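Examining the three-dimensional arrangement
For reference, the chains in residue letters:
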Amino acid sequence: MLFRSLHRLINGNAIHGDFIDGTAILYKKINKRFKKGLLFENGTEKLFPHCDFDSFCNGFAVFWDWSKTEFERMSYINRKGELLFEPRNIIAHDFSEERAFIYDMDENITVLIDANGNVVKKFDDIYESGVFNEGVCRVIQSDETLVEKIAFVNRDGEFVIPFDYEYDYNENHYYGFGRRDCCEGLIMLPKGNKVGFVSKENEVVIPFVYDGASHFHNGYAYAKKGKMFGVIDRENNIVIPFEYEDFVQGNGEVFALKKDGIWSAVDYNGSIVLQFEDISSIKDNILTVLKGERWGGIDVNGKVIIPFEYEMLIFIRDSFQFSVSDARGFGLMDVQCNVLVPPNQKSIRTMSEGIWIASDDLEHLTIYNRNGETLRLDLQEFAEIGQRFR
C-alpha cells in the first residue's frame, strides 16, 4: 500500500487538535478520569470537569454541563473558554452569522440570540432551525405527521418568507437540503409536488416545475424532471439535458452524472470530459471513482491523485474515508495518503478541528490527531462525559 501512517503509537495522557485562533481542543486523562478542555498556544490549558462541548461554529461551541444537576444544562463557550451565559435548561443550536436559536424548555418558546447572549427575538411557537447563510435562516414547524411547514427569518428575527411552503418527507424532492439553505441568493422550496427557487424577498426566480433539485453552486444546480436529472443555471436555462439517471453532488468544476449505467464527469458546456464505472464523492475538483475493483482519486483532468488500491473511498469533511483488503474496518487519510486513522475501525465518532475519535472494538475509544499522536481510553474512562458518546 502507498499510504503512509503518521501514527507513532503514542498513548500518552493528553492529546490536542489543531490550533485555530490560538486555541486547540484538548483531551486529557487525569487519575484515570477523562477531561476535555482547551489548550492555548502559550501552553496554558482550561479543563471542564463534568462538561463537554461541540466543535466551534462562528466562534462559539455548544456547551453541556451536568456538574450541578443530574440532567444536562446548556450554554456556549468561546475560544477563550468563557461561557456566554450560565448553563440553563435549554437546547442550544450552533451559532452562524453571530446568531443562534435556542429552545427554552422552562418557558417552552424559541429564542433567537446574538453573539453577546442578548435576546434578538422571542417566538411563541417551537421551531426547528437551520443556520444563517447570506443573512437568512430556515425555521420549521412540525407535528406528528411527516409534513413540515417551512419559513425563513432574517438576523432580526423577522419573517422574510412566511410559512407558505410545506415539505413532505414522503416525497424525495430535496437534494442537498441542509445547513446552507440559501445559496447564491436563491432558496429552494417546495410547492405542491414540485420544487422551485425564490429570492430572499420571496420572489419566484425559477418556477415550481421540478421534481427535485440541489442548491446552486457557481451558478448551476442539478434538477430532476420525472425520473431524469440534468443541470440548470440561474436563468433556468438547461445546461445539461434531462437524460441522466443519477448524480453525485460536489463542489468541483464538473458535474457527475450517470447514463445507461456509465458515470461521466460533464463540464459547464455539457461536454463529457471523463468516464468511470462509479463515483462516491467530489470535493475541490478531486473525484473518488471506481476502476476495476478498486477505488482511487482523480482530478478533473484524469490525473491520479490517490492510487486505485482501496475497497472503498469517499470524501468526508476534510479527509477521505477508506478501507483496504487486508484490514477489518475503515480509516481516514488526507489527500497526500497520510493515514489519520488506521483502517481497522468499527466506527468513527467525531471529526473536528484536527481530532478524530474512533473505535476498533466495543470496549475502547482511541483519539487521533494530525501529528500522529494517539490517546486510547476504556469506555469507562469516559465517565466524565461518557453519556454523550454512547
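Residues numbered from 1 in each chain as written. Predicted model: local features only at pLDDT ≥ 70, side-chain atom pairs only at ≥ 80, totals over all residues. Heavy atoms only, no water.

1. A word on the sheet that holds strand β9 (residues 90–92)
Read from one edge to the other, the open sheet built from 4 strands follows the order β9-β10-β11-β12, with strand pairing classed as antiparallel. A strand with exactly one partner marks an edge of an open sheet, and here the two such strands are β9 and β12 (119–123). Between one strand and the next, the sheet's axes are offset by a mean angle of 25°, whatever the strand orientation. Where strand β10 (residues 99–104) and strand β11 (residues 109–114) come together, 6 bridges link them in antiparallel fashion. Opposite A100, over in β11, you have I113 as the bridge partner. (Pairing = 2+ DSSP bridges. Helix = DSSP H or I, 4+ residues; strand = E, 2+ residues; numbered from the N terminus. Axes fitted to C-alpha atoms, helices over the stretch in contact; angles between N-to-C directions.)

2. Structural notes on the state of the cysteines
Applying the stated criterion across every chain, the model contains 0 disulfides. Sulfur of C182: no disulfide; nearest cysteine sulfur belongs to C183 and is 6.8 Å away. Note on C182: relative accessible area 1%, which makes it buried. (Disulfide = S-S within 2.5 Å. Buried < 20%, exposed > 50% of the residue type's maximum accessible area, 1.4 Å probe, protein only.)

3. Side note on the pairing of strand β29 (residues 278–283)
Side-chain direction in a regular strand flips from residue to residue, so the side chains alternate between the two faces of the sheet. Note: β29 against strand β30 (residues 286–291), 5 bridges, orientation antiparallel. Paired with I282 across the bridge in β30 is L287. Linking β29 back to β30 in an antiparallel pair, the connection comprises 2 residues, with D284 at a positive phi of about 50°.

4. Observations concerning the side chain of K36
Note on placement: K36 falls in strand β4 (residues 33–40). On the accessibility criterion, K36 (5% relative accessible area) is buried. Engagement of the side chain of K36 in a polar contact is seen with the backbone oxygen of F53, the distance being 2.7 Å. (Polar contact = N/O pair within 3.5 Å; in protein donor to acceptor, adjacent residues only side chain to side chain.)

5. Observations concerning the nonpolar core
In this structure, Y27, L38, F48, F53, I77 and I367 are the most contacted members of the largest nonpolar core, which totals 19 residues. Those elements that provide at least two residues to this core are β3 (23–30), β4, β6 (51–57), β7 (60–65), β38 (355–359), β39 (364–369) and β40 (374–378). When residues no more than four places from it in sequence are discounted, the contact partners of F48 are K36, G37, L38, F53, F63, I77 and G81. Among the nonpolar cores identified, the runner-up in size contains 16 residues, and M74, F85, A92 and V111 belong to it. (Core = buried A, V, L, I, M, F, W, Y, C linked by side-chain atoms within 4.5 Å. Contact = heavy atoms within 4.5 Å.)

6. Structural notes on the sheet that holds strand β32 (residues 304–310)
Remark on secondary structure: sheet strands pair via backbone hydrogen bonds, oriented parallel or antiparallel. In space, the 4 strands of this open sheet follow the order β29-β30-β31-β32, with antiparallel pairing throughout. Only two strands of the sheet have a single partner each, and these edge strands are β29 and β32. The average undirected angle you get between the axes of adjacent strands in this sheet is 15°. Pairing geometry for β30 and strand β31 (residues 294–299), over 6 bridges, is antiparallel.

7. Re the packing of aromatic side chains
The geometry of an aromatic ring pair is captured by two quantities: the separation of the ring centres and the angle between the planes. Counting across every chain of the model gives 24 aromatic pairs. Taking the centre distance of 5.4 Å and the plane angle of 55° together, the rings of F255 and Y268 count as tilted. With F255 in strand β26 (residues 255–259) and Y268 in the loop between β27 (262–266) and β28 (272–276), this pair connects stretches of sequence that are 13 residues apart. A relative accessible area of 28% means that Y268 is categorised as partly exposed. Ring-pair connections join several aromatic residues into one group, and the members of that group are F101, F123, Y127, F132, F159 and F163. Taking the ring centre of Y244 as reference, the NZ or CZ of K259 above it sits at 5.9 Å. Note that K291 overlies the ring of F308, its terminal NZ or CZ placed 5.6 Å from the centroid. (Phe/Tyr/Trp six-rings, centres within 6.5 Å; stacked < 30°, edge-to-face > 60°. Lys NZ or Arg CZ within 6 Å of the ring centre and 35° of its normal.)

8. Focus on the pairing of strand β34 (residues 319–323)
Here β34 lies mainly inside the structure; 5 of its 5 residues are buried. Side-chain alternation along β34 places S319, Q321 and S323 on one buried face and F320 and F322 on a second face that is also buried. Note that strand β33 (residues 312–316) and β34 share 5 bridges and pair antiparallel. Bridge pairing in β34 places L313 opposite F322. In terms of strand pairing, β34 meets strand β35 (residues 330–333) through 3 bridges, oriented antiparallel. Bridging from a neighbouring strand, F320 pairs with M333 of β35.

9. Topic: the confidence of the model for the chain
Scored by pLDDT, the chain has a mean of 86; 89% of the residues are at 70 or more. Across residues 1–11, confidence stays below pLDDT 50; counting only partners more than four residues off in sequence or on other chains, it has 44 contacts. The low-confidence segment residues 386–390, where pLDDT is below 50, has 14 contacts with residues more than four positions distant or belonging to other chains. (pLDDT = per-residue confidence, 0-100.)

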